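Coordinates in review
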Amino acid sequence: MADGRDFTPHGKHLIAGEWIGSEATFSSEPALGEKRNYSVGSVELVDKAVRAAEEAFQTYGYTTREERAAFLEAIADEIDARGDAITAMGMAETGLPEARLVGERGRTVGQIRLFAQHIRDGAYLDRRFDQALPDRAPLPRPDLRMIQRPIGPVAVFGASNFPLAFSTAGGDTAAALAAGCPVVVKGHSAHPGVGELVSEAIFAAIQKTGMPVGVFSNVQGGRRDVGQALVQHPLIKAVGFTGSLGGGRALFDLCAQRPDPIPFFGELGSVNPMFVLPNALAARAQAIGAGWAASLTMGAGQFCTNPGVAIMVEGAGVDTLIASTTAALEQSGAQTMLTGGIASAYRKGVDRMLAKSSVKPLLVSEPGARQATPFLFETTAAAFRADREIAEEVFGPLGIVVRASSEDEMMALAQELEGQLTCTLHLDDADTALGRRLTPVLERKAGRILANGYPTGVEVADTMVHGGPYPASTNFGATSVGTLSIRRFLRPVCYQNIPAALLPADLT
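So, here's what we can say about the structure. Since the structure is predicted, the reported quantities are computational estimates derived from the model, not experimental observations.

Rules and cut-offs
- Residues numbered from 1 in each chain as written.
- Predicted model: local features only at pLDDT ≥ 70, side-chain atom pairs only at ≥ 80, totals over all residues.
- Heavy atoms only, no water.
- Buried < 20%, exposed > 50% of the residue type's maximum accessible area, 1.4 Å probe, protein only.
- Helix = DSSP H or I, 4+ residues; strand = E, 2+ residues; numbered from the N terminus.
- Pairing = 2+ DSSP bridges.
- Salt bridge = Lys/Arg side-chain N within 4 Å of Asp/Glu carboxyl O.
- Axes fitted to C-alpha atoms, helices over the stretch in contact; angles between N-to-C directions.
- Disulfide = S-S within 2.5 Å.

**With respect to the pairing of strand β6 (residues 144-150)**
Burial within β6 is extensive, with five of its seven residues counted as buried. Here strand β5 (residues 128-130) pairs with β6 via three bridges, running antiparallel. Bridged to aspartate 130 within β6 is leucine 144. Bridge count between β6 and strand β21 (residues 490-496): seven bridges; the pairing is antiparallel. Each bridged residue has a counterpart across the sheet, and for glutamine 148 the counterpart in β21 is proline 492.

Printed below as a string of structure tokens:
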């Protein structure tokens, strides 16, 4: 077991309990330290993993809630047992600081343990009973029982910006396993060493609890055909994805084009607009600006909930907020981005903004090859509404101040927003009337609405919704964080006049 900082990865895939290498390899691109070679995934390996998952489902899909809860807790324990090695590998691969990775591991094992508690409780099954009424006129009613049942093997795509919480054993995997669904992970090439370590932990938990080996597989790396083969495999019944709009939309379309279309639960990011209402702006502009800068630069701006846009009505406080934000951003140093590709995309986003005549630079800096430095721009609400490119997400520490000429123009901008993960209101008591106008609009635009805070930092809890109307996510009725996310991998089944001996154990 790897329990120290001297872990050396072997670079293989975990396929149904076997560590399998490939002749073709790819080199990692670590932020620190030496490159390492990892096996490249293939269509054949995907098929082997998925078929093993389907075989495992015949057993795992019918385990008790207590058995699955014990399995989840064993996974959490095994990840914690490898904590030092995971942190060291994560720091090398991603450039993230130690404290961030330790915290993310805590969140990861915390949500796994939360799902263990959740399924023990059993409320998620939404069990319903309609007793038989044999004497009812004009027709008798049969005995009807309904329960949520697991859907089958699930594909999960690891995320670039969260090597733990949204990757190998992240929220999608935890929710699917809790539901009773085996998982095949397509590992992200940004952090294959962390993926290998976490896969090792899950395999140890499989062995410890006697679960079928096909319940989890991890296919490392691979070209685009590997991801396509995974989402189009006829035995895969749903897909969990966190990533870019372009990549997610391509996979979403493949899922829809299958002979048997399946749900694609993609979290694709957003600009997470903040609406700073007039009285709050006049009273707290400096504090709001400083808080915004801190949220913008957290983790080099590489959060899907990064608040990239601040919308306010021209008047007292706008210039103060800009000055406060600028001053705070100027104190932020360069930060290492997760991959060279993300850094390159950030520079392209910056260049796109700099080329806009309707966008005024307020703070310009010099990002490095893999370093992010902050930028701040401003524009008018009219320009923002007229040019969709201004409203596109730039993944990194870049913010845009949007000046509206009136409350009505702010309302019009809100009504024209695309789907978002979050929308934030900064308001005081005197802003309540405008807040009442905005809230019904914003609840149709986002999965989470905040007041007087910043959306970076997603609480893992029963009430959390991390999703929203397209393009924030591909399924507005789902969340990828919190216990409600288990519903993505369940479907209701009604049993009519079924003998007790044939019913699922949770219905008897």
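**Here we look at the pattern of salt bridges**
For the structure shown, the criterion picks out 28 salt bridges. As a salt-bridge pair, lysine 356 and glutamate 389 come within 2.6 Å of each other at their nearest N and O atoms. Pair noted here: lysine 356 is in the loop between α11 (340-354) and β15 (360-363) and glutamate 389 is in the loop between α12 (381-386) and β18 (398-404), with a separation of 33 residues, a long-range link. Residue class for lysine 356 comes out buried when judged on its relative accessible area of 16%. Taking relative accessible area as the criterion, glutamate 389 reaches 34% and is therefore assigned partly exposed. Between glutamate 378 and arginine 403 there is a salt bridge, with its nearest N and O atoms 3.4 Å apart. With glutamate 378 in strand β17 (residues 375-380) and arginine 403 in strand β18, the pair connects residues that are 25 residues apart, well separated along the chain. The class of glutamate 378 is buried, set by a relative accessible area of 13%.

**Overview of the sheet that holds β5**
The strand order across the open sheet formed by three strands is β5-β6-β21, and the pairing between neighbours is antiparallel. Because the sheet does not close on itself, it has two edges, and the strands there are β5 and β21. Averaged over neighbouring strand pairs, the angle between their axes works out to 25° when direction is ignored.

**Side note on the state of the cysteines**
As enumerated under the stated definition, the model contains zero disulfides in all. No disulfide involves cysteine 181; its sulfur sits 15 Å from that of cysteine 255, the nearest cysteine. On the basis of relative accessible area, cysteine 181 is assigned to the buried category, the value being 0%.

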